[in-house]
Amino acid sequence: MTVEPRTLEVVGGVLGRDAWAPGTPYRLNLERFVLTPLTESMVDRTYLDWMRDPEVIRFLDSRYKPQSFVSIRAFVRSFDNVDRFIWRVIAKDGLKPVGNCTLFLDRVNGLAEPGVVIGEKAFWGQNVTFEAYTGLYDFAFGTLGVEKIFSKTRSTNLAAVWNLRKLGMRREGFFPNHVRFDDRRVALIWYGLDRADWRASSTR
Ligand SMILES: CC(C)(COP(=O)(O)OP(=O)(O)OC[C@H]1O[C@@H](n2cnc3c(N)ncnc32)[C@H](O)[C@@H]1OP(=O)(O)O)[C@@H](O)C(=O)NCCC(=O)NCCS
């Protein structure tokens, strides 16, 4: 199998990191997956089914809110490609949509917070999150110029914890008894990664 280099592309044609301007959708071309900017017209039955699958939303706050085409379209509409980004994760092999990624930017503090949902459970255990987050970290540090990336996860979300540690994130905060999970409360763990640490790990 040939391994393509990771590229970041402005949707509409112009290639290269410098071409991006706030408000322009960005496509991230990774090794096995493409992250394509998700728009309202792409909200389909598949997306709704993911958001109604109890296993998929088990660790998300969205499980406590009713999900519909109306609510999902409103969510997707709120992304502006300025401070809020959303992508569909598409497997290059078969062009199959497997999930969504988000990135929230805090310009004032130079922070970015990524998120992921792998809705196609056949793709769990295939390093989708790791590959997608690697692309998002490149985008956040390289293109958006943030100083730090952070993620929060329920302590019970072992796959997320595992992925974040593998990405080099450091555990920076532990908030006991902080969030709902099933019929109990569990801890929220906060992870962080500084620009310098990402640069060091990506040139390894
Ligand atoms: C969280 C999520 C994105 C992870 O998907 P994924 O990356 O395919 O997860 P995997 O099944 O590959 O698990 C990741 C790693 O955690 C490990 N892991 C998973 N469950 C585990 C468990 N119960 N105990 C120990 N390790 C576990 C896996 O072995 C895997 O390790 P590897 O990378 O060495 O193979 C996916 O479950 C999902 O979309 N969940 C719903 C949304 C969500 O929770 N988003 C994150 C919010 S913080």
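Now for a look at the structure at hand. From a predicted model like this one, the values you see are computed outputs, not experimental measurements.

With that out of the way, let us pick up the site of the ligand. The immediate surroundings of the ligand are formed by 19 residues, with Ile-118, Thr-129, Leu-158, Ala-159 and Trp-162 found nearest. Every element with two or more residues in the shell around the ligand is listed here: strand S6 (111-118), helix H3 (128-143) and helix H4 (158-166). Top element by residues in the shell around the ligand is H4. It accounts for six residues. In terms of residue class, the shell around the ligand is built from 12 nonpolar, six polar and one charged.

Topologically, Glu-147 is positioned in the loop between H3 and strand S7 (148-154). Note on Glu-147: 13 C-beta atoms within 10 Å, which makes it partly exposed. Setting aside anything within four residues of it in sequence, one finds Glu-147 in contact with Gly-110, Asp-194 and Arg-195.

Formed by 39 residues in total, the largest nonpolar core has its most connected members in Leu-35, Trp-87, Val-89, Ala-132, Leu-136, Tyr-137 and Ala-140. Listed by contribution, the elements that provide at least two residues to this core are strand S2 (26-29), strand S3 (33-37), helix H1 (45-51), strand S4 (84-91), strand S5 (96-106), S6, H3 and strand S9 (184-194). Among the elements that take part in this core, H3 stands out by supplying eight residues, more than any other. If we ignore the near neighbours within four places in the chain, the residues touching Val-89 are Phe-33, Leu-35, Val-98, Gly-99, Asn-100, Cys-101, Val-128 and Ala-132.

Before going further, it helps to spend a moment on unusual backbone geometry. In this model, Asn-177 sits at a positive phi of 55°, which is unusual for a non-glycine residue. Tracing the backbone shows Asn-177 in strand S8 (residues 170-181). One non-glycine residue, Asp-182, lies in positive phi territory at about 50°. Inspection of the secondary structure puts Asp-182 in the loop between S8 and S9.

Rules used in this analysis
Residues numbered from 1 in each chain as written. Predicted model: local features only at pLDDT ≥ 70, side-chain atom pairs only at ≥ 80, totals over all residues. Near = placed C-beta within 6 Å. Helix = DSSP H or I, 4+ residues; strand = E, 2+ residues; numbered from the N terminus. Nonpolar A, V, L, I, M, F, W, Y, C, P; charged D, E, K, R; others polar. Buried ≥ 20, exposed ≤ 12 C-beta atoms within 10 Å, placed from the backbone. Contact = placed C-beta atoms within 7 Å. Core = buried A, V, L, I, M, F, W, Y, C linked by C-beta atoms within 7 Å.

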